[in-house]
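Below, each chain spelled out in residue letters.
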Amino acid sequence: MQLEFFDVPSPCVGICQSNDKGQCLGCFRTRVERQTWTNVNSDEKQKIIKRALQRKKRIEKKETSKVTIETETESAETKIIQPSLLDPPSKKTLDTSTDFDFDDFEL
């Protein structure tokens, strides 16, 4: 525990809107964390700020992984979407159009 000379300032940035999980869109604190901010000690405030930063990084990472890249071709538009690691793997099919004759092959 570190001795604190000053109170930990609120991470509020003035965007006081909540998402569907109840987290602020500006500072990423939950409703309970925002309501109890004035009643908790400095150590707990620092923990709240760390958790809020983790939420922010997680949300930003999720948004960047779902970015679609649009490229224009001669006849149509193609959208490339980066797959998520949480998606089930796609089944690969073997291309049997170029079958080889292995009759003369000896083991």
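This text follows the structure it describes.
Attention in this report is confined to the structure presented alongside it. The model shown is predicted, which means the values in this text are computed figures rather than measured ones. (Residues numbered from 1 in each chain as written. Predicted model: local features only at pLDDT ≥ 70, side-chain atom pairs only at ≥ 80, totals over all residues. Heavy atoms only, no water.)

### Some remarks on the overall build of the chain
Right, on to step 1. A tally of regular secondary structure across the chain gives two helices and two strands.
Right, on to step 2. Beginning at the N terminus, the succession of helices and strands in the chain can be written as α-α-β-β.
Right, on to step 3. In the chain, which comprises 107 residues, the proportion classed as buried is 14%.
Right, on to step 4. Put simply, of all contacts in the chain between residues at least 6 apart along the chain, 32% involve residues at least 24 apart.
Right, on to step 5. For the chain, the computed accessible surface area is about 10100 Å², with 55% contributed by carbon and sulfur atoms. (Helix = DSSP H or I, 4+ residues; strand = E, 2+ residues; numbered from the N terminus. Buried < 20%, exposed > 50% of the residue type's maximum accessible area, 1.4 Å probe, protein only. Contact = heavy atoms within 4.5 Å. Areas by Shrake-Rupley, 256 points an atom, 1.4 Å probe, with all protein chains shown as cover.)

### Looking at a nonpolar patch on the surface
Right, on to step 1. The grouping of V13, I15 and L25 at the surface amounts to a nonpolar patch, some 260 Å² of accessible area in total.
Right, on to step 2. Take V13: it is sitting in the segment before α1 (31-35).
Right, on to step 3. Assessed through its relative accessible area of 54%, V13 is described here as exposed. (Patch = residues over 30% accessible without salt bridge, like charges linked within 9 Å, V, L, I, M, F, W, Y side chains within 5 Å. Salt bridge = Lys/Arg side-chain N within 4 Å of Asp/Glu carboxyl O.)

### Concerning unusual backbone geometry
Right, on to step 1. One non-glycine residue, F28, lies in the positive phi region at around 65°.
Right, on to step 2. Structurally, F28 is set in the segment before α1.
Right, on to step 3. The class for F28 is buried, based on a relative accessible area of 13%.

### Observations concerning the pattern of salt bridges
Right, on to step 1. Taken as a whole and assessed by the stated rule, the structure comprises four salt bridges.
Right, on to step 2. Across the pair E33 and R51 runs a salt bridge, and its minimum N-O distance is 3.2 Å. Taken together, the positions of E33 in helix α1 and R51 in helix α2 (residues 42-65) put the pair 18 residues apart, joining distant regions of the chain.
Right, on to step 3. In this structure, R51 engages E44 in a salt bridge whose closest nitrogen and oxygen atoms are separated by 3.5 Å.
Right, on to step 4. Since its relative accessible area comes to 32%, R51 is described here as partly exposed.
Right, on to step 5. One salt-bridge network, held together by shared partners, links E33, E44, R51 and R55.

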